[in-house]
Amino acid sequence: MPLILQHADVLVTMDAHRREIADGALVADGPAIEWVGPTADLPARYRQLADDGRAQVIDMRGHVVMPGLVNTHHHMYQSLTRAVPAAQDAELFSWLTNLYMLWSHLTPEMIRVSTQTAMAELMLSGCTTTSDHLYLYPNGSRLDDSIDAARQMGMRFHAARGSMSVGRSQGGLPPDVVVESEAAILRDSQRLVEQYHDASRHSMLRMVLAPCSPFSVSRDLMRESATMARHFGVSLHTHLAENDNDIAYSREKFGLTPAQYAEELGWVGHDVWHAHCVKLDDEGVALFARTGTGVAHCPCSNMRLASGIAPIRKMRDAGVPVGLGVDGSASNDGAHMLGEARQAMLLQRVGHGPAAMSAREALEIATLGGARVLNRDDIGALVPGMSADVVAFDMSGVGFAGAGHDLVAALVFCTPANVSTSIINGRVVVRDGQLLTADLPQVLGDHRRLACTLFERARDAGV
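So, here is what we can say about the structure in this document. (Residues numbered from 1 in each chain as written. Predicted model: local features only at pLDDT ≥ 70, side-chain atom pairs only at ≥ 80, totals over all residues. Heavy atoms only, no water.)

## Focus on the pattern of salt bridges
- According to the stated counting rule, one finds 29 salt bridges in the structure shown.
- Across the pair glutamate 361 and arginine 316 runs a salt bridge whose closest N-O atoms are separated by 2.9 Å. With glutamate 361 in helix 13 (residues 359-373) and arginine 316 in helix 11 (residues 312-318), the pair connects residues that are 45 residues apart, well separated along the chain.
- For glutamate 361, a relative accessible area of 13% corresponds to the buried category. (Salt bridge = Lys/Arg side-chain N within 4 Å of Asp/Glu carboxyl O. Helix = DSSP H or I, 4+ residues; strand = E, 2+ residues; numbered from the N terminus. Buried < 20%, exposed > 50% of the residue type's maximum accessible area, 1.4 Å probe, protein only.)

Pasting the structure below:
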């Protein structure tokens, strides 16, 4: 049954002309958008379907309708470990050191429920496509646990098979108990790609190979992962140049800057994106622009860990693909994509002045930017033929009072709101602000129980 949205106060297309349509309408049938334009121009055939009850019609008066937001970097299991006291006031390396052993007590159920919780939070914030970087697999945990949760939640998912193979005994940062052998990592990576990867247009599930970071995996694993990814046609993802200690490690261990290290190992190109890049130098920016290598900008996490201000204005001006990432909820403690867009705008202004980023550019980075970083051409805009990923924000609340003169900018400047309606792949997943694909109170109850269990097991083990 076709889905018709009509009478939106503003419909933000993110098309080639960046049209914003007053009294806008949209028609989707199945996973794809069929028509977009002013409600007054809605073709007669769709009006007839609506009149005959053969289309689902949603009145969007009082709403801004826009493409679903795209989250390019997350660690969903970390929703179990928000605001951990020992890690509240730490920079990246000490933060990780304080948390690795706690995470070593994760279980498959914890992975599944934390994924459901993180996805619910994202979906309610306007996100319709997300990546997740799961890089440790204790106690029988598998990436399959996240994939199963994503299918239940109905979210478009790029599942990144992360990994750590260099423990402290070999000069890495993580304790040996949370690393895997490289042979096992590569076997499981191939299994996951062969079992799950869907390269088709409007795909709901794509696999990514994602060795964790320069300080937790070897050169060989990076090279082998790149070779495997290109053989199967999947993307690559890792952390890079996150803070000063990250830079110092790369120079000491490899004699290279992070960007030089990535280039040496074949980790540049349109099929690669790196998280953070706070300390990416001018040479690295030029390399990424020249090769189409993407960056997942995580402003809240970068501020939380005092990593610095990523040179996003410089990257954008050079042509580097940039998307947004909420990062893990232990280094952000929230996962609100519209809020992340707001922080991206504000942080660039703190560093580079009030003209450094506009509200509309922040929304573009959160939609089209994320799509480009994930190497997709079927999401990020409301255009016929694109995936029917659509979100609507009710602008009648107190947080938007007085902002009627520019509702689109208000989405970013004002207090971040949750969605009223969310549609993913043509399916309504949030209606009237309520999640339809899971019993959220039950999920949250399970999540609270499992978070307590995780801390109890770690305490009993002397962590």
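Back to the text.
## What to know about the packing of helix 3 (residues 108-124) against helix 15 (residues 440-460)
- Direction vectors running N to C along helix 3 and helix 15 enclose 130 degrees, while the axes themselves pass 9 Å from each other. The angle between the axes of helix 3 and helix 15 places the two elements in the oblique class. In the packing of helix 3 onto helix 15, the handedness of the crossing is left-handed. Only Leu440, Val443, Leu444, Asp446, His447, Arg449, Leu450, Thr453, Leu454 and Arg457 of helix 15 make contact with helix 3, whose side of the interface consists of Glu109, Met110, Val113, Ser114, Gln116, Thr117, Ala120 and Leu124.
- For the contact of helix 3 with helix 15, a count of residues per class yields nine nonpolar, five polar and four charged. (Axes fitted to C-alpha atoms, helices over the stretch in contact; angles between N-to-C directions. Parallel < 35°, antiparallel > 145°, perpendicular 65-115°, else oblique. Left-handed = near helix turned anticlockwise from the far one by under 90°. Contact = heavy atoms within 4.5 Å. Nonpolar A, V, L, I, M, F, W, Y, C, P; charged D, E, K, R; others polar.)

## Let's talk about the environment of histidine 237
- Inspection of the secondary structure assignment puts histidine 237 in strand 10 (residues 235-240).
- By relative accessible area, histidine 237 is classed as buried at 0%.
- Put simply, histidine 237 and serine 131 are 106 residues apart on the chain and 10.0 Å apart in space, counted from C-alpha to C-alpha.
- The contact partners of histidine 237, leaving out residues within four places of it in the chain, are Thr72, His73, His133, Val208, Leu209, Ala210, Pro211, Trp267, Trp273, His274 and Ala275.
- A polar contact of 2.9 Å, which involves the side chain of histidine 237, links it to the side chain of histidine 73. (Polar contact = N/O pair within 3.5 Å; in protein donor to acceptor, adjacent residues only side chain to side chain.)

## Section: unusual backbone geometry
- Not every positive phi belongs to a glycine, and histidine 7 is a case in point at roughly 65 degrees.
- Relative to the helices and strands, histidine 7 resides in strand 1 (residues 3-12).
- Its identity is not glycine, yet aspartate 432 carries a phi of approximately 50 degrees, on the positive side.
- Along the polypeptide, aspartate 432 turns up in the loop between strand 16 (427-431) and strand 17 (434-435).
- The exposure class assigned to aspartate 432 is exposed, which follows from its relative accessible area of 63%.

## Some points on helix 7 (residues 244-254)
- For helix 7, the set of buried residues is Asp246, Ile247, Tyr249, Ser250 and Phe254. Across the axial projection of helix 7, the buried residues extend over an arc of 160 degrees, all falling on one side. Of the exposed residues in helix 7, those oriented more than 90 degrees away from the buried face are Asp244 and Glu252.
- One side-chain oxygen at the N-terminal end of helix 7 lies 3.1 Å from the backbone nitrogen of asparagine 245; it belongs to asparagine 243.
- Once helix 7 ends, the next one or two residues include glycine 255, with phi positive near 70 degrees. (Arc of directions from axis to C-beta.)

## Observations concerning the nonpolar core
- By size, the foremost hydrophobic cluster in this structure holds 148 residues, and its most contacted members are Trp95 and Trp103.
- Examining the composition of this core, we find that nine residues originate from one element, helix 3, more than from any other.
- Counting residues in hydrophobic clusters, the runner-up holds eleven residues, among them Val208, Trp273, Val373 and Leu374. (Core = buried A, V, L, I, M, F, W, Y, C linked by side-chain atoms within 4.5 Å.)

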